[in-house]
Amino acid sequence: MICSMSRIKTALDLAIATDPELVRLEWQIRTLHESTEIDMAVAERLSKDPAKLLETADSFLRLADEVTRTLALANKFQQKYQQRREKLEAERARRLASARAAFLAAGSSPAGTRH
(Lines give C-alpha, C1' and ligand atoms only; values in the text may rest on other atoms or scores of the structure.)
Protein backbone atom coordinates (compact mmCIF):
# COMPACT_ATOMS: atom_id res chain seq x y z
CA MET A 1 0.00 0.00 0.00
CA ILE A 2 1.31 3.41 -0.90
CA CYS A 3 0.67 6.11 1.65
CA SER A 4 1.67 9.62 0.62
CA MET A 5 1.24 13.18 1.64
CA SER A 6 -0.58 13.87 -1.62
CA ARG A 7 -3.20 11.26 -0.72
CA ILE A 8 -3.65 12.85 2.69
CA LYS A 9 -3.97 16.30 1.08
CA THR A 10 -6.52 14.94 -1.40
CA ALA A 11 -8.56 13.37 1.41
CA LEU A 12 -8.52 16.61 3.39
CA ASP A 13 -9.49 18.65 0.32
CA LEU A 14 -12.35 16.23 -0.37
CA ALA A 15 -13.54 16.56 3.22
CA ILE A 16 -13.81 20.32 2.75
CA ALA A 17 -15.50 20.06 -0.66
CA THR A 18 -18.13 17.65 0.66
CA ASP A 19 -18.71 19.29 4.04
CA PRO A 20 -22.50 19.13 4.52
CA GLU A 21 -22.76 22.64 5.95
CA LEU A 22 -20.73 24.18 3.12
CA VAL A 23 -22.77 22.29 0.52
CA ARG A 24 -26.01 23.46 2.15
CA LEU A 25 -24.84 27.07 2.31
CA GLU A 26 -23.67 26.99 -1.32
CA TRP A 27 -27.10 25.69 -2.38
CA GLN A 28 -28.91 28.36 -0.35
CA ILE A 29 -26.74 31.14 -1.75
CA ARG A 30 -27.22 29.90 -5.32
CA THR A 31 -31.00 29.59 -4.81
CA LEU A 32 -31.25 33.10 -3.40
CA HIS A 33 -29.24 34.55 -6.27
CA GLU A 34 -31.46 32.77 -8.81
CA SER A 35 -34.56 34.11 -7.05
CA THR A 36 -33.10 37.62 -7.12
CA GLU A 37 -32.38 37.36 -10.83
CA ILE A 38 -35.97 36.32 -11.50
CA ASP A 39 -37.38 39.15 -9.37
CA MET A 40 -35.10 41.67 -11.06
CA ALA A 41 -36.22 40.49 -14.51
CA VAL A 42 -39.87 40.92 -13.48
CA ALA A 43 -39.12 44.38 -12.07
CA GLU A 44 -37.37 45.34 -15.29
CA ARG A 45 -40.40 44.26 -17.34
CA LEU A 46 -42.68 46.29 -15.04
CA SER A 47 -40.55 49.39 -15.44
CA LYS A 48 -40.49 49.26 -19.25
CA ASP A 49 -44.12 50.24 -19.77
CA PRO A 50 -44.41 53.92 -18.80
CA ALA A 51 -48.16 53.94 -19.45
CA LYS A 52 -48.70 51.39 -16.69
CA LEU A 53 -46.14 52.79 -14.27
CA LEU A 54 -48.75 53.98 -11.77
CA GLU A 55 -50.56 50.63 -11.91
CA THR A 56 -47.37 48.64 -11.42
CA ALA A 57 -45.65 50.89 -8.87
CA ASP A 58 -46.79 48.83 -5.87
CA SER A 59 -45.66 45.59 -7.48
CA PHE A 60 -42.36 47.17 -8.43
CA LEU A 61 -41.75 48.43 -4.88
CA ARG A 62 -42.65 45.03 -3.40
CA LEU A 63 -40.18 43.37 -5.77
CA ALA A 64 -37.50 45.91 -4.86
CA ASP A 65 -38.04 45.17 -1.15
CA GLU A 66 -37.93 41.42 -1.82
CA VAL A 67 -34.71 41.74 -3.80
CA THR A 68 -33.15 43.77 -0.99
CA ARG A 69 -34.17 41.21 1.65
CA THR A 70 -33.01 38.31 -0.50
CA LEU A 71 -29.62 39.88 -1.16
CA ALA A 72 -29.17 40.61 2.56
CA LEU A 73 -29.95 36.98 3.38
CA ALA A 74 -27.59 35.75 0.66
CA ASN A 75 -24.87 37.98 2.11
CA LYS A 76 -25.49 36.54 5.59
CA PHE A 77 -25.16 33.00 4.19
CA GLN A 78 -22.01 34.03 2.30
CA GLN A 79 -20.45 35.23 5.55
CA LYS A 80 -21.36 31.96 7.29
CA TYR A 81 -19.92 30.06 4.34
CA GLN A 82 -16.66 32.02 4.54
CA GLN A 83 -16.35 31.49 8.30
CA ARG A 84 -16.98 27.76 7.95
CA ARG A 85 -14.55 27.50 5.04
CA GLU A 86 -11.83 29.31 7.03
CA LYS A 87 -12.40 27.00 9.98
CA LEU A 88 -12.14 23.91 7.77
CA GLU A 89 -9.03 25.27 6.03
CA ALA A 90 -7.37 25.85 9.42
CA GLU A 91 -8.24 22.31 10.50
CA ARG A 92 -6.89 21.01 7.18
CA ALA A 93 -3.60 22.86 7.72
CA ARG A 94 -3.34 21.51 11.27
CA ARG A 95 -3.99 17.93 10.15
CA LEU A 96 -1.58 18.22 7.26
CA ALA A 97 1.15 19.53 9.55
CA SER A 98 0.51 16.65 11.97
CA ALA A 99 0.68 14.11 9.16
CA ARG A 100 3.88 15.66 7.80
CA ALA A 101 5.42 15.58 11.29
CA ALA A 102 4.41 11.93 11.71
CA PHE A 103 5.99 11.03 8.37
CA LEU A 104 9.19 12.84 9.23
CA ALA A 105 9.29 11.35 12.73
CA ALA A 106 8.97 7.89 11.20
CA GLY A 107 11.91 8.66 8.91
CA SER A 108 9.72 8.80 5.82
CA SER A 109 9.90 11.25 2.98
CA PRO A 110 6.94 13.68 2.94
CA ALA A 111 6.40 12.79 -0.74
CA GLY A 112 5.40 9.24 0.01
CA THR A 113 6.33 5.91 1.44
CA ARG A 114 5.52 2.26 0.84
CA HIS A 115 4.06 0.06 3.55
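The shown structure was predicted, so the numbers you read here are calculated from the model rather than taken from an experiment.

Visitor: Describe the overall build of the protein, listing the residues and the values that go with them.
Guide: Counting secondary structure elements, the protein contains three helices and two strands. Moving toward the C terminus, one meets the helices and strands of the protein in the order β-α-α-α-β. Out of the 115 residues belonging to the protein, those deemed buried represent 25%. The long-range share in the protein, meaning contacts at least 24 apart out of those at least 6 apart in sequence, stands at 80%.

Visitor: Help me get a handle on the pattern of salt bridges, residues and values and all.
Guide: Per the stated rule, a full pass over the model turns up eight salt bridges. In this structure, D19 engages R84 in a salt bridge whose closest nitrogen and oxygen atoms are separated by 2.7 Å. Residue D19 is found in the loop between helix 1 (5-17) and helix 2 (20-47), and its partner R84 is found in helix 3 (residues 53-105); the two are separated by 65 residues along the sequence. Across the pair, R84 and D19 agree in class, each one buried. Among the ionic pairs, R69 bridges to E66, the shortest N-O distance being 2.9 Å. Highlighted residues: R69 and E66, both in helix 3, separated by three residues, approximately one helical turn. Members of the salt-bridge network, linked through shared partners, are D19, E21 and R84.

Visitor: Could you give me a rundown of the nonpolar core, with the residues and numbers involved?
Guide: Nonpolar side chains in soluble globular proteins tend to be buried together. Counting nine residues, the largest nonpolar core consists of I16, L22, L25, I29, L32, A74, F77, Y81 and L88. Contacts of I29, omitting those with residues within four sequence positions, involve A74, F77, Q78 and Y81.

Visitor: Residue-level account of helix 2, with values.
Guide: Here helix 2 is 28 residues long and its end C-alpha atoms lie 40 Å apart, about the 40 Å a rise of 1.5 Å per residue gives. For helix 2, the full list of buried residues reads L22, L25, Q28, I29, L32, T36, D39, A43 and L46.

Visitor: Please give an account of helix 3 that cites residues and values.
Guide: The end-to-end C-alpha distance of helix 3 is 74 Å, a good match for the 78 Å that 53 residues give at a rise of 1.5 Å each. The largest bend along helix 3 reaches roughly 30° and is located at S59. Looking one or two residues past helix 3, G107 carries a phi angle of roughly 80°, positive in sign.

Visitor: Describe the side chain of R84, naming the residues involved and giving the relevant values.
Guide: The exposure class assigned to R84 is buried, which follows from its relative accessible area of 19%. With sequence-adjacent residues up to four places away left out, R84 is seen in contact with D19, E21 and L22.

Reading the values: the criteria
- Residue indices follow the written sequence of each chain, beginning from 1 at its first position.
- Per-residue local features are limited, in this predicted model, to residues with pLDDT of at least 70; the limit for side-chain atom pairs, both in listing and counting, is 80 or more; totals at the level of whole chains, interfaces and linings are taken over all residues.
- The side-chain numbers reported here are obtained from all heavy atoms of the structure, hydrogens and water having been left aside.
- Helix and strand assignments come from DSSP, with helices taken as H or I runs of at least 4 residues and strands as E runs of at least 2, each series counted from the N terminus.
- Only protein chains enter the area calculation, which uses a 1.4 Å probe; residues under 20% of their type maximum are buried, those over 50% are exposed, and those in between are partly exposed.
- Between two residues, a contact is recorded if the distance between any of their heavy atoms is within 4.5 Å.
- Should a side-chain nitrogen of Lys or Arg be within 4 Å of a carboxyl oxygen of Asp or Glu, the pair is scored as a salt bridge.
- Nine residue types can take part in a nonpolar core, namely buried Ala, Val, Leu, Ile, Met, Phe, Trp, Tyr and Cys, and a core is a set of them joined through side-chain atoms within 4.5 Å.
- Here the expected length of a helix is defined as 1.5 Å per residue gap, with one fewer gap than residues.
- Bend at a given residue is defined as the angle between two axes, one fitted to the seven residues that end at that position and one fitted to the seven that begin there.

Treat this as a map of the structure, not an account of what it does.
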